[in-house]
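# A look at the structure
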Amino acid sequence: MNSADLRPAAWIPGYEGGPLTHRAGLLDEPLFWLGHLCSCAQSEETEELLFGADYDAAGDFRQRLLDRGDWPTFAVPLAENHRLHVVHRTVGDDTGTDYLLHHPGWDQAELLARDDGHFMGPGLSWPELVTAADNELPGGSTTDPDARLLLLLPAFGDAEVPDDAVVRLTVALGARTSVEAPETLASALLADQGAPGPARWTTAGHGFSVNDGEYSFRNPANRFALSADRLSRVATALAP
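On a predicted model such as this, the values are computed, not experimentally measured, just so you know. (Residues numbered from 1 in each chain as written. Predicted model: local features only at pLDDT ≥ 70, side-chain atom pairs only at ≥ 80, totals over all residues. Heavy atoms only, no water.)

### Side note on the packing of aromatic side chains
Put simply, the rule is: Planes of paired rings set the category: under 30 degrees apart is stacked, over 60 is edge-to-face and the rest tilted, where pairs are Phe, Tyr or Trp rings (Trp by its six-membered ring) whose centres lie within 6.5 Å. Relative accessible area decides the class of each residue, using a 1.4 Å probe on protein chains only: under 20% of the type maximum gives buried, over 50% gives exposed, and in between gives partly exposed. Two thresholds decide whether a charge sits over a ring: the Lys NZ or Arg CZ must be within 6 Å of the ring centre and within 35 degrees of the ring normal.
A complete count under the given rule lists six aromatic pairs for this structure. Seen in terms of ring centroids, phenylalanine 32 and tryptophan 33 are 5.2 Å apart; in terms of plane orientation they differ by 70°. Their pairing is edge-to-face. The pair formed by phenylalanine 32 and tryptophan 33 is uniform in burial state, with each residue classed as buried. Measuring from ring centre to ring centre gives 5.3 Å for phenylalanine 51 and tyrosine 55, while their planes differ by 70°; the resulting arrangement is edge-to-face. When its relative accessible area of 47% is taken as the criterion, tyrosine 55 is described as partly exposed. Each residue in the set Phe32, Trp33 and Phe74 is aromatic and connected to the rest through ring pairs, giving one cluster. The positively charged end of arginine 233 is found above the aromatic ring belonging to tryptophan 106, 4.1 Å away from the centroid.

### Notes on the nonpolar core
We count it as follows: Only buried residues count toward a nonpolar core. Its members are Ala, Val, Leu, Ile, Met, Phe, Trp, Tyr and Cys residues joined through side-chain atoms within 4.5 Å. In this analysis, two residues are considered to be in contact whenever any of their non-hydrogen atoms come within 4.5 Å of each other.
Core analysis: the largest hydrophobic core is formed by 55 residues, its most contacted members being Leu84, Leu101, Leu152, Leu169 and Leu173. Non-local contacts of leucine 173, meaning those with residues more than four positions away in its chain, are made with Leu37, Leu150, Val179, Pro182, Leu185, Ala186 and Leu189. Formed by seven residues, the second largest nonpolar core is a distinct cluster that contains Ile12, Tyr15, Leu100 and Ala109.

Have a look at this one:
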């Protein structure tokens, strides 16, 4: 694993976590992506497509990450100085990945999704995901759109993905992983869409993008949802 970028990541306001460490070099490791995307595979068939013959190697790679004790952290810049943070928690029995959105003018980052045994989400629609992946803004962990797409994919859930989504995800998987059948895997991942599953996104009655996900912070009907003003600023920051 590349250790050239093992410098502390910026503190994320309002986020109580462990030793955040910028680990951009991990994005060049094909085995990293297998572990990162494993929650997106919700069936044995999809899991086999993802891991293939690399199941044991991916497990060993993940164990080495856990043994280090630091929390690999990545950033994707957005328009108007907003930033998406992806934090891999590597602590004991509470491992998982958190997806947070922040702006320097906010008191604290907003948790959009949590990828673990107590999953929450989805936090991103397909248009929001692609916009973040493709904006080419500097200052994050990578400007590569394929790496960004895969990095944010576990936070995505959308019942209405466009026809070209399979092609887009196939290209990303082919570029960043060593899976044998990227197109077949892409179709399966878009069908499974992780633990929270797909959600329907709408602006009707709110004026900003929200969804109907049972576990989503961006569903106003949920008792744990973000307040209306926070939902609005999140939607504005992520707007395609």
